[in-house]
Amino acid sequence: MQEDLTDAGETASLNRVARLMAADGLQGWPRPKRRGQRGRPAVTPPGVRNRLERDFTALEPETKWVTDITEFKTRQGKLYLCIVLDLFDQRVVGWSMHHRQDRQMVIRAVQMAVWQRQGNHPVILHSDRGSQFRSGDYQRYLAANGLVCSMSAVGHCGDNAACEGFFGLLKRERVYRMTYPTLDAARADVFEYIERFHNPRMRRRVARQDQKFSTLLQPSVITGYP
């Protein structure tokens, strides 16, 4: 909230925002707890290992991507969303939605990220061991487009915390506040959140960081040194 107010031109500290929200009875949207599910361990494709090792930092764009799937409830049934997130700036660089979570939905999300890619150097693309990501079609598409497949170890759900963090924001800030009558209504709302709210917010955050860095590099008026 404080970050969004700053982007809108308002000046307010975190403590002031918290105090005003408390006075008006406003609070953050809590994340519901989920029970874990156990199943048979999935087999990792040959030659694939965890190249991310929970290092979620990226010094440059298009070096580390992560991908995952989540679902939303509508009155017409479930809608599934697959995203590709760039760890450099937390932007969603690829996404796809469908009423079935199949390998084609996943490949479409990666295709969108590839189409927007500026360079042609290899990019690590990390995922869990879901069947869609282990499929031959998905693995062949990654190999043909300079993407290096990385997968979490069995039971290491924290390896994809970046995607889970985005899904948490999306659901708390938008989905849990809505009731979707149709799949199309959910698609339109999620599209609006990603492209008109989340990605612009991430671009502004990077711009602010760049501005701070540039300020630090400017020579001092007194000493003439940074």
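Quick notes on the rules
- Residues numbered from 1 in each chain as written.
- Predicted model: local features only at pLDDT ≥ 70, side-chain atom pairs only at ≥ 80, totals over all residues.
- Heavy atoms only, no water.
- Helix = DSSP H or I, 4+ residues; strand = E, 2+ residues; numbered from the N terminus.
- Buried < 20%, exposed > 50% of the residue type's maximum accessible area, 1.4 Å probe, protein only.
- Contact = heavy atoms within 4.5 Å.
- Axes fitted to C-alpha atoms, helices over the stretch in contact; angles between N-to-C directions.
- Parallel < 35°, antiparallel > 145°, perpendicular 65-115°, else oblique.
- Left-handed = near helix turned anticlockwise from the far one by under 90°.
- Nonpolar A, V, L, I, M, F, W, Y, C, P; charged D, E, K, R; others polar.

1. Structural notes on the side chain of Asp189
- Mapped onto the elements of the fold, Asp189 is located in helix H7 (residues 183-217).
- You can call Asp189 buried: its relative accessible area is 13%.
- Ignoring sequence-local partners within four residues, the contact set of Asp189 consists of Arg174, Met178 and Tyr180.

2. A short note on the packing of helix H3 (residues 103-116) against helix H5 (residues 136-144)
- Put simply, H3 and H5 touch, their axes get as near as 9 Å, and they point 10 degrees apart. Considering their axes alone, H3 and H5 lie roughly parallel with respect to each other. Every pair of crossing elements has a handedness; the one defined by H3 and H5 is right-handed. Contacts from Arg103, Gln104, Val106, Ile107, Val110, Gln111 and Val114 of H3 reach H5 at Asp137, Tyr138, Tyr141 and Leu142.
- Residues of the contact of H3 with H5, tallied by class, amount to seven nonpolar, two polar and two charged.

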